[in-house]
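The primary structure of each chain is shown beneath.
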Amino acid sequence: MTNDFVFETYEYEGETYHGKLVAPLGKTIIDKIAGLIKKTVSGRTVSVFRLPKDNINAFTNPELELKVAEMGIDEVFITGLVDEVCIYHNSLGFLERGFKTNLVEGCTAPFEGEKGKEALRELTACGAKMVVGIPDDIKAILLLEDEHDENSEEIKSGVWPPHNMKGSPGCMTVKDIREALEERYKQ
């Protein structure tokens, strides 16, 4: 849930920027995801890890497998963008590694409606479950967010326009979700 995927235009430190790869329905899930995060961090200790990814599949970052093994995570609840790309590939990555994989209804969005629906159907056929919420005992939040540089395979391929470039406001977590995560420091 980064600026380049969610907003056609956004402001950062007084300057206006333009999203590079906007999912049309991305804005519609911000409040729902921020609400889940607030519920999760309210009154207890929750670890938050941001793992940049330079590929649609977060498992290309070896730190992901190390982090989930270290924390003893065996079940994930997935939210974010986009159903037919990152949600699809990362959910399959978790399923292939034996994780109970849950997709939180109303907390993901596609680039294209029909392709997104097909991706979710395939994921449920592979064993992912559609769920309406998350349990009260979540202990960690993993932010798997695109972050690229000019040598990125994804950018060099030409399939995607340059987006979420390292050090740019485009690769920052959207403000409402970032603020929800920061709530844990105010308690």
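Within any chain, residue numbers begin from 1 and follow the written order of that chain's sequence. Local features are withheld for residues below a pLDDT of 70 in this predicted model, meaning they are given only at 70 or higher, and side-chain atom pairs are given and counted only at 80 or more; totals for whole chains, interfaces and linings count all residues. Where side-chain values are given, they derive from all heavy atoms of the structure, hydrogens and water being excluded.

1. Thoughts on the overall build of the protein
Item 1. Note on conventions: DSSP H or I runs of at least 4 residues are helices, E runs of at least 2 residues are strands, and numbering of each starts at the N terminus. Within the protein, the secondary structure is distributed over seven helices and seven strands.
Item 2. Reading the helices (α) and strands (β) of the protein from amino to carboxyl end gives α-β-β-α-β-α-β-α-β-α-β-β-α-α.
Item 3. What the globule rule says is 2.2 Å times the number of residues to the power 0.38, and the radius of gyration is computed from C-alpha atoms. For the protein, the C-alpha radius of gyration of 16 Å lies close to 16 Å, the compact-globule estimate for 187 residues.
Item 4. Considered along the principal axes of its C-alpha atoms, the protein spans approximately 40 × 40 × 30 Å.
Item 5. Only protein chains enter the accessibility calculation, which uses a 1.4 Å probe; a residue is then buried when its area is under 20% of its type maximum, exposed when over 50%, and partly exposed in between. Taking all 187 residues of the protein together, 45% fall into the buried category.
Item 6. Once local pairs closer than 6 in sequence are excluded, the contacts in the protein between residues at least 24 apart make up 74%.
Item 7. We get accessible surface area from the Shrake-Rupley algorithm with a probe of 1.4 Å; when it comes to residues, only the shown protein chains can shield them. Accessible surface, the protein as shown: approximately 9,800 Å² in total, 51% of it carbon and sulfur.
Item 8. Think of it this way: Lys and Arg go in the positive column, Asp and Glu in the negative one, and His and the chain ends go nowhere. By convention, the point assigned to a charge is CZ for Arg, NZ for Lys, CD for Glu and CG for Asp. Considering the protein, the positive charge centre built from 22 side chains and the negative charge centre built from 33 side chains are found 4 Å apart. The contact criterion used is simple: two residues touch if any of their non-hydrogen atoms lie within 4.5 Å.

2. Some remarks on the side chain of Asp4
Item 1. Relative to the helices and strands, Asp4 resides in helix 1 (residues 3–6).
Item 2. Contacts described as polar in this section are N or O atom pairs within 3.5 Å, which, within protein, must combine one atom able to donate a hydrogen with one able to accept it, while residues neighboring in sequence count only if both atoms come from side chains. Side-chain polar atoms of Asp4 contact the backbone nitrogen of Asn164, separated by 2.8 Å.

3. Observations regarding the packing of helix 4 (residues 83–96) against helix 5 (residues 113–125)
Item 1. What counts as an axis is a line fitted to C-alpha atoms, over the stretch in contact for a helix, and the angles between N-to-C directions run from 0 to 180 degrees. The geometry of helix 4 relative to helix 5 is characterised by a closest axis approach of 9 Å and an angle of 10° between their N-to-C directions. Relative to helix 5, the element helix 4 is oriented roughly parallel. Of helix 5, the residues touching helix 4 (which contributes Asp83, Glu84, Ile87, Tyr88, Ser91, Leu92 and Leu95) are Lys115, Gly116, Ala119, Leu120, Glu122 and Leu123. The cut-offs work like this: below 35 degrees is roughly parallel, past 145 is roughly antiparallel, 65 to 115 is roughly perpendicular, and the gaps in between are oblique.

4. Thoughts on the pattern of salt bridges
Item 1. One side-chain nitrogen of Lys or Arg within 4 Å of one carboxyl oxygen of Asp or Glu is enough to make a salt bridge. Taken as a whole, this structure holds 11 salt bridges when the rule is applied.
Item 2. Put simply, Glu65 and Arg97 hold a salt bridge, and the shortest N to O gap is 3.2 Å. Placement of the pair is Glu65 in helix 3 (residues 62–71) and Arg97 in the loop between helix 4 and strand 5 (100–109), with a sequence separation of 32 residues.
Item 3. It is possible to trace a salt-bridge network through shared partners that takes in Arg50, Glu145 and Glu147.

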